[in-house]
Amino acid sequence: MAQKQSYTGTAKFLHWIMALIWLAAWCIGILATHWRDELNAHHELTFLHKAIASTLIMLTVVRVAWRLTHPAPAFPENMSRAMKRAAHWGHVGLYTIALIGLPLSGWYWSSVADKPIMFGGLFVLPPLVAPAEGLYGLAKGIHTYMAWFCGAMVGGHILVALKHHLVDKDNVLKGMLPER
Ligand code: HEM
Ligand code: HEM
């Protein structure tokens, strides 16, 4: 039986809409904290960061459900077994750390700090845990370090996707792009 070359249309749509939201949330998070006086004096970027990043929680539930019922295309034959295994675990890492762990850590931080999160700017998310002043530093540290770690992981993911396309000239990136 011929191997499927491409992700489903729904998987592609979810990947690209979530990639856009994720990258925007990451950049806005950095601007909000490191250019606080210039750009975030009234917490407007913090609000925006939390509003858009929180939508990833719901989108990830839909995406994981879709993924579990719709397998990914096979890796190209010219990839070694070790590379295929690395790619597989890289994707598992993106799902569990960048798409599930990081938003949860932000939600946890805001809950500990007793600060609201407007999901998509539409309604307030209920807190994950009770407010706890003593855990503020820990929650902030977890979210901040995780955000930088995930930034590196996603940066690597993008570089690998470009290498497949430009150097290996295989169908990995094409399999995630809209069909002509
Ligand atoms: C429910 C989801 C999330 C909440 C509630 C949340 C909350 C926050 C808050 C309160 C800050 C500090 C902003 C400030 O001090 O003004 C922050 C910083 C940050 N967040 Fe999030 N976040 C969430 C998800 C995410 C996601 C998905 C990403 C990555 C795409 C992300 C990346 C960052 C980054 C890079 C920073 C700046 C870290 C630094 O200080 O260098 N956050 N987040
Ligand atoms: C310009 C940015 C991006 C490009 C070019 C890109 C490219 C790709 C490509 C080509 C694939 C197919 C499989 C493979 O890599 O072997 C893929 C899969 C994936 N990407 Fe991205 N990506 C980008 C951004 C992101 C972002 C920001 C995230 C979220 C953190 C993300 C999460 C994932 C995940 C979880 C998969 C595995 C899909 C699955 O098998 O279910 N990507 N990406």
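These figures come from a predicted structure and were not determined experimentally.

In this structure, the second largest pocket spans a volume of roughly 1000 Å³. Along the wall of the second largest pocket there are 37 residues; nearest its centre are Thr46, His49, Lys50, Trp109 and His143. Those elements that place two or more of their residues in the lining of the second largest pocket are helix H1 (9–34), helix H3 (44–69), helix H4 (81–112) and helix H5 (136–168). With nine residues, H3 is the largest single contributor of residues to the lining of the second largest pocket. For the lining of the second largest pocket, the class distribution of residues is 22 nonpolar, 11 polar and four charged.

Orientation of H4 relative to H5, taken along the N-to-C sense of each, is 155 degrees, at an axis distance of 9 Å. One finds that H4 runs roughly antiparallel with respect to H5. Here H4 runs over H5; the crossing is left-handed. Along its contact with H4, which presents His91, Gly93, Leu94, Ile97, Ala98, Gly101, Leu102, Ser105, Gly106, Tyr108, Trp109 and Val112, the element H5 presents Tyr136, Ala139, Lys140, Ile142, His143, Met146, Ala147, Phe149, Cys150, Met153, Val154 and His157.

Rules behind the numbers
- Residues numbered from 1 in each chain as written.
- Chains lettered and ligands numbered in written order.
- Predicted model: local features only at pLDDT ≥ 70, side-chain atom pairs only at ≥ 80, totals over all residues.
- Heavy atoms only, no water.
- 1 Å grid on protein atoms, 1.4 Å probe; cavity = no way out; pocket = protein on both sides within 12 Å on 5 of 7 lines; lining within 4 Å.
- Points joined across faces, edges and corners; volume = space filled by probe spheres on them.
- Helix = DSSP H or I, 4+ residues; strand = E, 2+ residues; numbered from the N terminus.
- Nonpolar A, V, L, I, M, F, W, Y, C, P; charged D, E, K, R; others polar.
- Axes fitted to C-alpha atoms, helices over the stretch in contact; angles between N-to-C directions.
- Parallel < 35°, antiparallel > 145°, perpendicular 65-115°, else oblique.
- Left-handed = near helix turned anticlockwise from the far one by under 90°.
- Contact = heavy atoms within 4.5 Å.

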